[in-house]
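If you want the building blocks of each chain, they are given just below.
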Amino acid sequence: MTKQELLKLIMKEIDNIPPIPENINKIKKLIKSTTSSVQSIANYVKRDPALTADLLKIANSAAYMTRNRVNTAERAITTIGLVQLETIILTIGARQVLEGRYEAAESIWEHSFKCGFYAKHLLTMKRLNDDADSVYTAGLLHDIGKLVLLSLRPELVDKINKLSLAKNVPIHQIEKLAIGLSHAEIGEKIAASWNFPTNLVKAIGDHHQPRLSNEEHRPMVYTTYLANILCKRPEAESVFSTIEEKVLEFFEIDSVKTLESIIHTLDEFYLTASEALNV
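Residues numbered from 1 in each chain as written. Predicted model: local features only at pLDDT ≥ 70, side-chain atom pairs only at ≥ 80, totals over all residues. Heavy atoms only, no water.

Moving on: the overall build of the protein chain. Looking only at helices and strands, the protein chain has 17 helices and zero strands in total. Relative to its length of 279 residues, the protein chain is compact, with a C-alpha radius of gyration of 19 Å against a globular reference of 19 Å. Each of the three principal axes of the protein chain carries a C-alpha extent, and together these read 55 × 45 × 40 Å. Burial statistics for the protein chain: of 279 residues in total, 51% are counted as buried. Nonlocal contacts in the protein chain, meaning residues at least 24 apart in sequence, comprise 65% of its contacts between residues at least 6 apart. Here the protein chain displays about 14,100 Å² of accessible surface, and carbon together with sulfur accounts for 51% of that area. Within the protein chain, one finds 33 positive and 35 negative side-chain charges whose respective centroids are separated by 4 Å. (Helix = DSSP H or I, 4+ residues; strand = E, 2+ residues; numbered from the N terminus. Rg over C-alpha atoms; globule rule 2.2 N^0.38 Å. Buried < 20%, exposed > 50% of the residue type's maximum accessible area, 1.4 Å probe, protein only. Contact = heavy atoms within 4.5 Å. Areas by Shrake-Rupley, 256 points an atom, 1.4 Å probe, with all protein chains shown as cover. Lys, Arg positive; Asp, Glu negative; His and termini not counted. Charge placed at Lys NZ, Arg CZ, Asp CG, Glu CD.)

Moving on, we get to the side chain of S112. Considering the arrangement of structural elements, one finds S112 in helix α7 (residues 106-125). With relative accessibility at 1%, the residue S112 sits in the buried group. S112 has contacts with G139, L140, H142 and D143, leaving out every residue within four places of it along the chain.

Applying the stated criterion across every chain yields a total of eleven salt bridges. Residue E155 is joined to R153 by a salt bridge in which the shortest nitrogen-to-oxygen separation is 2.2 Å. Judged by its relative accessible area of 36%, E155 falls in the partly exposed class. Between R211 and E244 there is a salt bridge, with the nearest N and O atoms lying 2.3 Å from each other. Of the two residues, R211 is situated in the loop between α13 (198-205) and α14 (218-230) and E244 in the loop between α15 (236-239) and α16 (245-250); the sequence distance between them amounts to 33 residues. (Salt bridge = Lys/Arg side-chain N within 4 Å of Asp/Glu carboxyl O.)

Before going further, it helps to spend a moment on the side chain of E175. In this structure, E175 sits in helix α11 (residues 171-178). The buried charged residue E175 lacks any salt bridge, with K146 as its nearest oppositely charged partner at 6.2 Å. Not counting the four nearest positions on each side in its chain, E175 is found in contact with L149, I160, G180, L181, S182 and H183.

The next thing to look at is the confidence of the model for the protein chain. The predicted model of the protein chain has a mean per-residue pLDDT of 88, with 95% of residues at 70 or higher. The spread of mean pLDDT over the elements of the protein chain runs between helix α17 (residues 256-277), the lowest at 84, and α16, the highest at 96. (pLDDT = per-residue confidence, 0-100.)

Below, the discussion takes up the nonpolar core. For soluble globular proteins, nonpolar side chains are generally found buried alongside one another. The biggest cluster of nonpolar side chains holds 89 residues, and the ones touching the most others in it are I10, L55, W194, F196, L226, L230 and I243. Of all the elements, α7 adds the most residues to this core, at nine residues. Other than its neighbours up to four places away in sequence, I243 contacts Y225, L226, I229, L248 and L259. (Core = buried A, V, L, I, M, F, W, Y, C linked by side-chain atoms within 4.5 Å.)

Let's shift gears to the environment of V247. Relative to the helices and strands, V247 is located in helix α16. Overall, the relative accessible area of 1% leaves V247 in the buried class. Taking the C-alpha atoms as reference points, V247 and D206, separated by 41 residues in sequence, lie 13 Å from one another. Beyond its immediate stretch of four places on either side in the chain, V247 contacts P210, Y222, Y225 and L226.

The backbone of N195 shows a phi angle near 60°, a positive value even though the residue is not glycine. Within the secondary structure, N195 is located in the loop between α12 (183-193) and α13. Classification of N195 as exposed rests on a relative accessible area of 63%. You will see that E252, though not glycine, has its phi angle at about 55°, which is positive.

Here's what the structure looks like:
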């Protein structure tokens, strides 16, 4: 298969990805309605047992660090908060579509949940709490483009990963050369087709190239980019010089020691939250 044929196949796959489920859109409308209450939204959520289970899973995840286990839809909505519930509902809808279409995505989701946690707490550390839950969603969905590539050409993805490690070249650059689109660009196109908020679309699309983002979207893009790097447990000394300078400035990281401190804090947060959830 030529590069042009593969690119055409990828674009066709993007066009054929189903829309976000209608019940998710209905909940979005309820959230936006001034007459809706937590109870009325919860009543609608509970019509769908799978959706209820997903919402409870997220409310109990490391990102929210709740002291007591959340076991009802009402408490899940209260824990997440109505302001950020819409982006979380979008995340659940996206996963329903992608998991129904693609096989064996568990390794991607595992990394993505950790990335979402790190992203949320990076912004919280910056005291930008208003965007913290939105960037959590960006972290959860930043690699959705990989699912398309894995479904169409898993052997090519494996070759790209090995070449990236051997040559120390970022994966997205090799994807661009080999395919014509990176997984980030594929994810951006999918998110845009689902009419996701622009800042979320850009965070997914630019999470490997934060320099491309405009000023409005930089907090989301910079945070998703940095969280993606840090949740892979890198050595601060080896990774410090590879991080985009503007991102270092945004997070006031002026030395390897500062970066080590941030990595340690995030790791501790994640470990504490994960242990609490496993009790």
